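# A structural walkthrough
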Amino acid sequence: MYVASIDPRNGEVIAKTKSSTAIDVREAVARARSGQKRWWNGLDKEDRIARMLELEKVLIAEKSSVVRLASLETGINQPTIAASYDSAMRGFSHYIGRYRALVDREYPLDQAIWEHTEALIRYEPHGVIGHIGVWNYPFWQTMITFIPALLAGNSIVFKPSQHSTLTGLRIVDLAHQAGIPEDVCVSVVGGPYVGKVLVKAPVDAIAFTGSLATGKHIIKNAGVKPLILELSGNDAGIICADADIEQAARGVSTGTFSRAGQVCVRVKRVYVLKEMADQFTSRLLDITSRLNLVEQVGPMIREESRARVDKVVKDAVAAGSKLLIGGKPRPGPGFYYEPTILIVNNDDLEVIRHETFGPVCSIRIVDSEDQAIELANRSEYGLGATIWTQDMRKAMSIAERLEVGNVWINEWGRSLNCGDYFQGCKESGIASSQERIMLFMKKKSVVTHHGVEPRKVWFC
Ligand code: NAD
């Protein structure tokens, strides 16, 4: 069996890579376990940091080649990939700083009850992380696991998405070139089947990014293991009556149509206040009509994804939504879909209720901010939301009421340092209050009794 890497701009096969078998996956996990135990976790903190700094150097030197490859197999344009590459690279200094500051913590004990006793909270790596990747941020989304997980002393078995296999394998290769041992950073190749085998294998934690449907399979198959899940989103954008129209229309258009709308935190549902609706819609339409489909929007990843989006749009139009622009695939080679704007007045349509992973902006005109918040929260997803207003007090109060993990005010989609605190709630992920490096560590409590006598209550 092979994984075919395809250029979405023309549908041509670029390469075929042999898929891993179930035996390969289990061997990869065994190797990663031995590498982690044998020496990666045994290195002292500064030695491990030094190796990660080598990796940083190699990745800086190889940036243009990785960006070219990632762009070729995902169809995302090079400047867009390069920007998220830089953002990921900032993770090295950020996570190294956090890791250096992390020390075992003394736990305060009431000496009246715990005489001659002390307690320590230690932070330790999970062991082997099974990392299942996604294609739409082929470098960034890989590094938000690689950097903190490796720093913390874990080894990784990485299965890149079948749509970004070449980039994934290249990153692993560069890690080896930088001196991270082959049995600490191990790759396997394949699609859903290989992912499923990895989830069921004896790894110590799973770090997964992808769809909600796959996330639910993983929850069912993983058994008792920590799960770090970054899942689908259906982000609302709320355009208040006092929004700066230029900022809102340009922000929403980029947040909706870049990467052909294949972004987890894309602005997918727009709730615009009625006072602002005409102005906002006509400026958004103006920008959209001038977008360059090839250079700025880009293709969808596969024909099936494009067909799915087309069906959702056609169903919405058949149910009475007004199509302002787009609404069809571009004829000819590649998987391009025209940037599409719909005015929707039915909250039960698929295009509103579920994530549409494509260049489609659904606009719903609302009477009040309360109504916008209510509709935004009427969703099983809770990844992100954007708010457009010039009134910061109002913005903070809306942010507080939105049931999501990430809120952007007059901004969209920019994450904190290399994915730190980036997470969804509800069905978009397992919400955690922890900074990201802590997700790759477990806590161990160690209680030491310093008394020389056995405790009085012990059997004798
Ligand atoms: P997908 O779930 O189809 O695939 C993601 C990965 O899971 C791939 O590597 C795939 O091979 C693997 N996989 C598929 N079935 C599996 C199974 N049963 N067991 C184990 N692994 C399996 O996702 P996709 O359609 O390629 O990616 C788009 C989705 O990812 C969107 O829903 C998007 O919102 C989401 N996403 C979320 C984030 C986030 O940070 N929350 C970031 C990027 C993308």
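Worth saying up front: this structure is predicted, and the values here are computed from it rather than measured. (Residues numbered from 1 in each chain as written. Predicted model: local features only at pLDDT ≥ 70, side-chain atom pairs only at ≥ 80, totals over all residues. Heavy atoms only, no water.)

## Examining the site of the ligand
Taken together, 29 residues form the shell around the ligand, and within it Gly133, Gln162, Ser211, Thr214 and Glu355 come nearest. Note that an oxygen atom of the ligand is positioned 2.7 Å from one of the side-chain N or O atoms of Thr214. Within the contact set of the ligand, an oxygen atom lies 2.6 Å away from a side-chain nitrogen or oxygen of Glu355. When the ligand is considered free in solution it has 860 Å² of accessible area, and contact with the protein chains removes 90% of it. Tallying contributions element by element places helix H7 (residues 192–200) first for the shell around the ligand, with 4 residues. Residues belonging to the shell around the ligand are distributed by class as follows: 11 nonpolar, 14 polar and 4 charged. Residues from two domains meet in the shell around the ligand; each of domain 1 (2–231 + 429–446) and domain 2 (236–416) gives at least three. (Near = heavy atom within 4 Å. Polar contact = N/O pair within 3.5 Å; in protein donor to acceptor, adjacent residues only side chain to side chain. Areas by Shrake-Rupley, 256 points an atom, 1.4 Å probe, with all protein chains shown as cover. Helix = DSSP H or I, 4+ residues; strand = E, 2+ residues; numbered from the N terminus. Nonpolar A, V, L, I, M, F, W, Y, C, P; charged D, E, K, R; others polar. Domains from an automatic or database assignment.)

## A short note on helix H14 (residues 369–377)
Residue pairs three or four apart in sequence face the same way in an α-helix, which turns once every 3.6 residues. Within the span of H14, buried status applies to Ala372, Ile373, Leu375, Ala376 and Asn377. Where the residues of H14 are buried, they touch strand S10 (236–239), strand S11 (269–273), strand S14 (360–366), helix H15 (392–401) and strand S18 (425–426). (Buried < 20%, exposed > 50% of the residue type's maximum accessible area, 1.4 Å probe, protein only. Contact = heavy atoms within 4.5 Å.)

## With respect to the sheet that holds strand S9 (residues 227–230)
Spatially, S7-S6-S5-S8-S9 is the arrangement adopted by the 5 strands of the open sheet, whose pairing is parallel. Edge positions in the sheet fall to strand S7 (185–187) and S9, since each of these pairs with one other strand and no more. Strand after strand, the sheet turns through a mean of 15° between neighbouring axes, direction not considered. With 5 bridges connecting them, strand S5 (residues 128–132) and strand S6 (residues 155–159) associate as parallel partners. Residue pairing in the sheet places Gly130 in a bridge with Val157 of S6. (Pairing = 2+ DSSP bridges. Axes fitted to C-alpha atoms, helices over the stretch in contact; angles between N-to-C directions.)

## Considerations on the state of the cysteines
As enumerated under the stated definition, the model contains 0 disulfides in all. The thiol sulfur of Cys185 is not disulfide-bonded, and the nearest other cysteine sulfur, from Cys418, lies at 15 Å. With relative accessibility at 0%, the residue Cys185 sits in the buried group. With no disulfide partner, Cys425 has as its closest neighbouring cysteine sulfur the one in Cys264, 14 Å distant. Residue Cys425 is classed as buried on the basis of its relative accessible area of 18%. (Disulfide = S-S within 2.5 Å.)

## Quick notes on the nonpolar core
Core analysis: the largest hydrophobic core is formed by 117 residues, its most contacted members being Ile239 and Phe280. Tallying contributions element by element places helix H4 (residues 78–101) first for this core, with 9 residues. A domain split of this core shows at least three residues from each of domain 1 (2–231 + 429–446) and domain 2 (236–416). Ignoring any residue separated from it by four or fewer positions in sequence, one finds Phe280 in contact with Ile239, Ile245, Ala248, Ala249, Val252, Val270, Val272 and Ile363. Of all hydrophobic cores here, the second largest spans 25 residues; its members include Val25, Ala32, Val186 and Val199. (Core = buried A, V, L, I, M, F, W, Y, C linked by side-chain atoms within 4.5 Å.)

## Quick word on the sheet that holds S11
Pairing in this open sheet of 7 strands is mixed, and the strands run S12-S13-S14-S11-S10-S16-S17 from one edge to the other. The open sheet has two free edges, formed respectively by strand S12 (322–325) and strand S17 (406–409), since each of these has just one partner strand. Adjacent strand axes in the sheet meet at a mean angle of 20°, parallel and antiparallel pairs treated alike. Judged from the 5 bridges that link them, S11 and S14 form a sheet pairing that is parallel. The residue of S14 that forms the bridge with Leu273 is Val366. Most of the contacts of helix H9 (residues 245–257) go to S14, to which it runs at about 140°, and overall it touches S10, S11, strand S13 (340–343), S14 and strand S16 (384–388). Those strands touched by helix H12 (residues 303–318) are S12, S13 and S14, and its axis lies near 30° from that of S13.

## A short note on the packing of aromatic side chains
This model, assessed by the stated rule, comprises 6 aromatic pairs. Aromatic side chains Trp39 and Trp40 sit 6.1 Å apart centroid to centroid with 85° between the ring planes, which places their arrangement in the edge-to-face category. The class of Trp39 is partly exposed, set by a relative accessible area of 24%. Take Trp40: its relative accessible area is 0%, and that puts it in the buried class. Ring geometry for Phe146 and Phe158: centres 5.4 Å apart, planes at 80°, overall edge-to-face. Of this pair, Phe146 sits in helix H5 (residues 140–151) while Phe158 sits in strand S6, and the two are 12 residues apart along the sequence. Residue Phe146 is classed as buried on the basis of its relative accessible area, which comes to 1%. Judged by its relative accessible area of 1%, Phe158 is buried. Members of the aromatic cluster, each reached through a chain of ring pairs, are Tyr137, Trp140 and Phe422. (Phe/Tyr/Trp six-rings, centres within 6.5 Å; stacked < 30°, edge-to-face > 60°.)

## Brief notes about the domain arrangement of the chain
By the assigned domains, the chain splits into domain 1 (2–231 + 429–446) and domain 2 (236–416). Relative to domain 2, the C-alpha centre of domain 1 lies at a distance of 31 Å. Taken together, the contact pairs 21 residues of domain 1 with 20 residues of domain 2. Approximately 1600 Å² of surface area, both sides summed, lies buried where domain 1 meets domain 2, with 57% of it carried by carbon and sulfur atoms. Counting across the domain 1 and domain 2 interface gives 0 salt bridges. Remark: the boundary between domain 1 and domain 2 carries 6 residue pairs in polar contact (both at pLDDT 80 or more). At the level of elements, strand S1 (2–7), helix H3 (63–74) and H4 are the ones that each hand at least two residues to the side of domain 1 that touches domain 2. Here the side of domain 1 that touches domain 2 is built from residues that sort into 9 nonpolar, 10 polar and 2 charged. (Buried area = accessible area lost by both parts, 1.4 Å probe. Salt bridge = Lys/Arg side-chain N within 4 Å of Asp/Glu carboxyl O.)

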